[in-house]
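# Remarks on the overall topology
Below, each chain spelled out in residue letters.
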Amino acid sequence: MVDTKKALMLLAFGLSTLTVLFYITSTATTYWATYKIARSGASVEVHAGLWTACVLGRQGGVSGEVCESYDTAAGKVEAVLYFNRFTTITSILVVVGALVVAVLSYLKIVDLKVLMYAAAGSIIASGILIFIGTMWYVGELKNELSDIAFGYSIILLWLAFPMAIIGGSLMIVTSRMTDE
C-alpha cells in the first residue's frame, strides 16, 4: 500500500531539488537571451546571461565565439542584471538551506513543524523572487531590443517558478497531514 504522505513529500523534495538545479544551471549559463546587433558593418548574433555576453560571428578576421563580461556602467539594464544576480544566488542558497531543514524535519531529527513550514515558505518565496526578476529582465530587454529571443537559461527559471510553488505547497500540505 502506498503511503500518500510519504509519496507527496518525496514529490515535494524532488520538485524542490529540480528547482535548485534549474536555478544553478540558469545562473551559470549565457543563454538568457539571443539577439542580433550590427558591429563593424555586419550583423552578429549575441547570446547573453547574467555575467557575460557572447558574440558569434566573424570579428577581426576570426570566426567563432568571443565572450566578454559586462561593463560595470550604471544603467537600467545593469540594475536588472544586478537584481537577477542577487535573486538567483539568494534563491539557490535559500532553497538548499530549506531542503536541508525540510529533510531534517521529515526524518524527525529536528521535530518542529514550524521548521518545515519555514522551509516550505522559503522555497515558495524563492520562486516568487525568481518570477519577479525574470519578468523585469524580459520587460527591460523587450524595451531595449526589438528582435530578441529568450534562451534555455531563462526558460529553466520559468519552469522552476511553478515547481518551487508546487514543491513548497506540497511540503505544507504533507506537514499538515496526520500520520496514519
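My aim in this report is to walk through the structure given alongside it, one point at a time. Note that the structure is a prediction, hence the values are computed from the model and not measured. (Residues numbered from 1 in each chain as written. Predicted model: local features only at pLDDT ≥ 70, side-chain atom pairs only at ≥ 80, totals over all residues. Heavy atoms only, no water.)

## Quick look at the packing of helix H1 (residues 4-28) against helix H3 (residues 113-144)
To characterise two packed helices, one gives the angle between the axes of the helices and the distance between these axes. Two elements in contact, H1 and H3, have axes whose closest approach is 12 Å; the angle formed by their N-to-C orientations is 40°. Taken together, H1 and H3 sit at an angle that is classed as oblique. For the pair H1 and H3, the sense of crossing is left-handed. Packed against H1, whose contacting residues are Met9, Ser16 and Tyr23, the element H3 presents Met116, Ile123, Ser126, Gly127 and Ile130 at the interface. Its residues placed into classes, the contact of H1 with H3 shows 5 nonpolar, 3 polar and no charged. (Axes fitted to C-alpha atoms, helices over the stretch in contact; angles between N-to-C directions. Helix = DSSP H or I, 4+ residues; strand = E, 2+ residues; numbered from the N terminus. Parallel < 35°, antiparallel > 145°, perpendicular 65-115°, else oblique. Left-handed = near helix turned anticlockwise from the far one by under 90°. Contact = heavy atoms within 4.5 Å. Nonpolar A, V, L, I, M, F, W, Y, C, P; charged D, E, K, R; others polar.)

## A closer look at the nonpolar core
Where a protein is soluble and globular, its nonpolar side chains tend to be buried together. Counting residues in hydrophobic clusters, the biggest one holds 41 residues, and the most contacted among them are Tyr23, Ala33, Tyr137, Phe150 and Met171. In this structure phenylalanine 150 touches Trp32, Ala33, Tyr137, Val138, Leu141, Lys142, Ile155 and Trp158, once residues within four positions along its chain are discounted. (Core = buried A, V, L, I, M, F, W, Y, C linked by side-chain atoms within 4.5 Å. Buried < 20%, exposed > 50% of the residue type's maximum accessible area, 1.4 Å probe, protein only.)

## Section: the environment of isoleucine 128
Structurally, the position occupied by isoleucine 128 is in helix H3. C-alpha separation for the pair isoleucine 128 and phenylalanine 22, spaced 106 residues apart in sequence, amounts to 15 Å. Apart from residues lying up to four places away in sequence, isoleucine 128 is in contact with Phe161 and Ile165.

## What about a nonpolar patch on the surface?
A cluster of nonpolar side chains, Ile128, Phe131, Ile132, Met135, Ile155, Trp158 and Leu159, forms an exposed patch at the surface whose accessible area comes to about 590 Å². Going through the elements one at a time, H3 and helix H4 (152-176) are the ones with two or more residues in the nonpolar patch. By residue number, the principal contributor to the nonpolar patch is H3, which donates 4 residues. For isoleucine 132, a relative accessible area of 45% translates into the label partly exposed. (Patch = residues over 30% accessible without salt bridge, like charges linked within 9 Å, V, L, I, M, F, W, Y side chains within 5 Å. Areas by Shrake-Rupley, 256 points an atom, 1.4 Å probe, with all protein chains shown as cover. Salt bridge = Lys/Arg side-chain N within 4 Å of Asp/Glu carboxyl O.)

## Observations regarding the packing of aromatic side chains
Per the counting criterion, the structure on display carries 5 aromatic pairs. Between phenylalanine 131 and phenylalanine 161, the aromatic rings sit 4.6 Å apart at their centres with planes inclined by 25°, giving stacked as the arrangement. Within this pair, whereas phenylalanine 131 is found in helix H3, its partner phenylalanine 161 is found in helix H4, the two being separated by 30 residues in sequence. Of the residues examined, phenylalanine 131 reaches a relative accessible area of 36% and is grouped as partly exposed. (Phe/Tyr/Trp six-rings, centres within 6.5 Å; stacked < 30°, edge-to-face > 60°.)

## Digging into the environment of leucine 93
Of note, leucine 93 is situated in helix H2 (residues 76-106). A residue is classified by how much of its surface remains accessible, and leucine 93, at 60% relative accessible area, is exposed. Expressed as a C-alpha distance, the spacing of leucine 93 and threonine 17, which sit 76 residues apart in the sequence, is 12 Å.

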